[in-house]
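One-letter residues, chain by chain:
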Amino acid sequence: MDKFLSPKAKKNIRAAKFFAFGMIFVCLATAIVIVLCSYIGNRNFRETFYNVSSIKADSPLRVIQLSDLHSCLYGDDNQKLIARVEELKPDVIICTGDMVNSATDDADFAADLGRKLSKIAPSYYVYGNNEVESIYDFPLNEKELDEHFGFTKANRDETKLLEIKDSFEQKLEKAGIKVLKNEKDTIEVKNMTVDVYGVLNSNPSSFWSYSEKSFFDHIYENSDNLKITAVHEPFIFEEFSHDFWGDLMLCGHTHGGVMRVPVLGPLYTHEGGLLPERSGGLVYGRYDVSGKPLIVSSGLENKNILRINNQPELVVIDINKF
Amino acid sequence: MITALLQKLIILIIGVLFLVSAAIIYFRFKNVNRTEAAQIFKTTQYFNAWLILLCFVVTIVFGVFNHFELKKSVHAIISLNYSEASQAQNSNGTRYNMAEIICDEVVDKAIEKGALKDVTTKELRDCLVVYPCVQGGVGDESEYHISTEFAVEYHASKHTSHLDSENVIKLITSAYKEYYIENYTDNFGLASEKPNFDEMEYMDIAAYFDKETLSILNYLYGMAEKNNSFVTENNTTFNSLAGRVYQFKETQINQNFRSFILQNGIVRDKEAYVDRLSHHNKNVDFDRQKNGVSFDLCNQAIDMYSEEMTRVVLVPTWDEAGKYYMGRTKVGIDELSVLATSYSDYVTSNEKEIMDNNLLIDKMSAGNEDSGLHESVDLMADAIYDSIKGFEKEAIKAGREYSSHKMNQCIAVSIYGISIMNELKTLVLFAIFAYAAFMLRVISKKFPKKV
């Protein structure tokens, strides 16, 4: 074929080939540099500050949210992370799940973290899918739960789920961090009464059937209290509309879409697929849910090499009167 | 700082290349005739794979430095949402001062809130600029403009380059909001700790209830003065709530609680209480005597004035319609009369207090030791306390609702970081400029040095 081409055409083809390979090489080199830089950058976490208004906050209140640590470390025994949390002087600390990869294997890791956090401020722990999967023998969706307890819609009793005791919870409670399994805890902070509620089964199919009563108690009892609702997965807020979920909602799970592309946003989540925010998914940052702020943390996990333009984060929320 | 240097260095190199190449072409232009020059431009291959690749790499490197440089600058817009803002006032009616957005107290607070390290207040403040978003003119009244939006810009310096710019501006605006709320907005500080009733005398408990209800009433009347037509979600107004609190104070505290204690002479420690009242009565009696003497002295002084003197205190003056009349001004004699009246009132009030205390002493001396009665009073006290707390909560809730309605979120903050589109525009322009420089270099080489 080449013999039919003129020397000029051959030269042009060579130039085009060179250009194509050159471009591919430069793009690949750039991609490798970006991945490496992100990977190195992800060794450290950043702080993301949010300002939230609630007329119930008579004085400024600071909440620190830790999420999706997945047994990762920042310094020996997470000293770096703990020291920073302490420096930021939180009034309440909330861990929104997946702090460990396995509740059975990493229970000591979680207890150690809980012990250190609870020395700084009142601390709460909400289970994520990783904890749930290693503690319960079955997924916490409505069908499996009904089958496990032998319930039908008519005789369902949501307290049965909470009667299942686990050693992980005991270890955490012993360490001083309160585990919230479809329950609320009321604390007095700076002359304010704050209700913190944690959802155990954030699976949308079982949320109302196994959490409704406790959730409504949290929402409608003592409505003057500042209400914080902590859930690992944000799907209940995507699936259901409700007039009031709380004065502040906290979630994790999505890892901020793993990779974030400028203009396009979060690239992928397991449940939302590609470009999940485009299909209305709650993936990262601050959203408005029934007029109140929902904060989805990208979490603190730092081992994923594909976590690009998405540095692990420590969420710091300042709640003010206006 | 190094990123800024490298970014500028790249621009300098490309710029120098462009200028030098252009200068070479200019100076060597005389070595060729017009046709040859046109031929050079015509035969040049403008699509050069090498140059495009080089340009691409240089643009990427420039883009990285440019990105880091842009990240050092960020700005926020602070919007004042309450109605008084349009008159350049704070929400409490005092004069608004935009300089407070970056005052030392705010910057200090931001450093503390963010636990920022290795930076002083001055170093951080030097990186901040604040200005109104819309500035009117001063030449003519029609050009005056009161801005309700203010921009705060942050440009990192060498002292603050280690800080995350976006976090710094968030902290500054958050600290300012806190500062503003602390200094210029309503507070709902009604709540107080419950005292230990077991250690208090019953009449003291009644006095405590009086004080608490009075503070709620003052709060509600104060709020009603601001807006007496405001209706809460529960369809109450500040005045209607105050009416209920007042009614409660009169019936439950004064008529029921206090009367019950007095009628039955219920006291925890009879001797101590009676002693305290007797001692108090002695003090009040001293006051009564002192006020009585002052009253007599005023009367004596008035008697000493001659009638002639009282006549000359009439002074000519004019009214609003401009008509003259003789006005009486307050001179010595009037002042003394007013003083005498007030001393007389004090005496009466002192006598009343003594009589009340004597009544209390009489009733308590014949004290009732019936434990059932004590229990009833304790129960009444607890019930009244709970009711007062209920009113307190209602008052605070109404106040909060009003404040929230009036303040309309008070201050809204929008943060503006790097714009990806602007960054892309810069990169495209840079790439075109770089490619032009490279092409000029190639073309300049084709021009002969000598004829």
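Cut-offs and rules
Numbers given to residues run from 1 along each chain, matching the order in which its sequence is written. Chains and ligands are labelled by the order in which they are written, letters from A for the one and numbers from 1 for the other. At least 70 in pLDDT is required for a residue's local features to be given in this predicted model, at least 80 for side-chain atom pairs to be given and counted, and no such filter applies to totals for whole chains, interfaces and linings, which use all residues. In computing side-chain values, all of the structure's heavy atoms are included and hydrogens and water are not. Throughout, a contact is declared for two residues whenever any of their heavy atoms are within 4.5 Å. What counts as a salt bridge is simple: a side-chain nitrogen of Lys or Arg found within 4 Å of a carboxyl oxygen of Asp or Glu. Pairs of N or O atoms are called polar contacts if they sit within 3.5 Å, as long as, within protein, a hydrogen donor faces a hydrogen acceptor (for residues adjacent in sequence, only side-chain-to-side-chain pairs). Put simply, DSSP marks the helices as runs of H or I at least four residues long and the strands as runs of E at least two long, and each gets a number from the N terminus on. In the scheme used here, Gly and all other residues not listed as nonpolar or charged are polar, with Ala, Val, Leu, Ile, Met, Phe, Trp, Tyr, Cys and Pro taken as nonpolar and Asp, Glu, Lys and Arg as charged. Relative accessibility under 20% of the residue-type maximum defines a buried residue, over 50% an exposed one, and the middle range a partly exposed one, all with a 1.4 Å probe and only protein chains included. Strands are labelled as partners when DSSP assigns at least two bridges between them. A right-handed crossover is one whose linking path, passing over the helix from the first strand to the second, runs clockwise when the strands point away from the viewer. The source of the domain bounds is an automatic or database domain assignment. Throughout, buried area stands for the accessible area (probe radius 1.4 Å) lost by two parts on being put together, summed over both.

Caption draft 1: Representation of the interface of chain B and chain A in the model. If you look at the interface, chain B gives 34 residues, while chain A gives 30 residues. At the junction of chain B with chain A, the criterion picks out two salt bridges. Of the charged contacts in the structure, one is a salt bridge between lysine 117 of chain B and glutamate 87 of chain A, with a shortest N-O distance of 3.0 Å. Where chain B meets chain A, there are nine residue pairs in polar contact (both at pLDDT 80 or more). At the level of secondary structure, the elements contributing two or more residues to the side of chain B that touches chain A comprise helix H3 (49-70), helix H4 (104-114), helix H6 (165-184) and helix H12 (371-407) of chain B. Taken together, the residues of the side of chain B that touches chain A sort by class into 15 nonpolar, nine polar and ten charged.

Caption draft 2: Fine view of the pairing of strand E3 (residues 92-95) of chain A. All names here are of chain A. Burial of the side chains of E3 extends over both faces: Val92 and Ile94 are buried on one face and Ile93 and Cys95 on the other. Relative to E3, strand E2 (residues 61-66) runs parallel, the two being bridged by four bridges. In the sheet register, isoleucine 64 faces E3, and the bridge partner there is isoleucine 93. Where the polypeptide runs from E2 across helix H2 (residues 79-87) and back to E3, its parallel neighbour, the crossover connection is right-handed. Two elements, E3 and strand E4 (residues 123-125), share three bridges in a ladder whose sense is parallel. From the neighbouring strand, isoleucine 94 faces E4, where its bridge partner is tyrosine 124. In this view, the connection linking E3 to its parallel neighbour E4 by way of helix H3 (residues 107-120) has right-handed handedness.

Caption draft 3: Region of the structure containing the pattern of salt bridges. Residues and elements named next belong to chain A. Summed over all chains, the structure comprises 39 salt bridges over all chains. Lysine 56 is the salt-bridge partner of aspartate 247, the closest N and O atoms lying 3.0 Å from each other. Of this pair, aspartate 247 sits in the loop between helix H9 (235-239) and strand E9 (248-251) while lysine 56 sits in the loop between strand E1 (46-53) and E2; the two residues are 191 residues apart in sequence, bridging distant segments of the chain. Side by side, aspartate 247 and lysine 56 carry an identical accessibility label, which is buried. In this structure, glutamate 221 engages lysine 184 in a salt bridge whose closest nitrogen and oxygen atoms are separated by 3.6 Å. Taken together, the positions of glutamate 221 in the loop between helix H8 (204-220) and strand E8 (226-230) and lysine 184 in strand E6 (residues 183-189) put the pair 37 residues apart, joining distant regions of the chain.

Caption draft 4: How the structure looks around the domain arrangement of chain A. All names here are of chain A. Split into domains, chain A comes out as domain 1 (1-41) and domain 2 (45-320). Placing a centre on the C-alpha atoms of domain 1 and another on those of domain 2 gives a separation of 47 Å. Between domain 1 and domain 2, the residue contacts involve five residues of the former and seven residues of the latter. Buried area between domain 1 and domain 2, both sides added, is near 450 Å², and the carbon and sulfur share of it is 66%.

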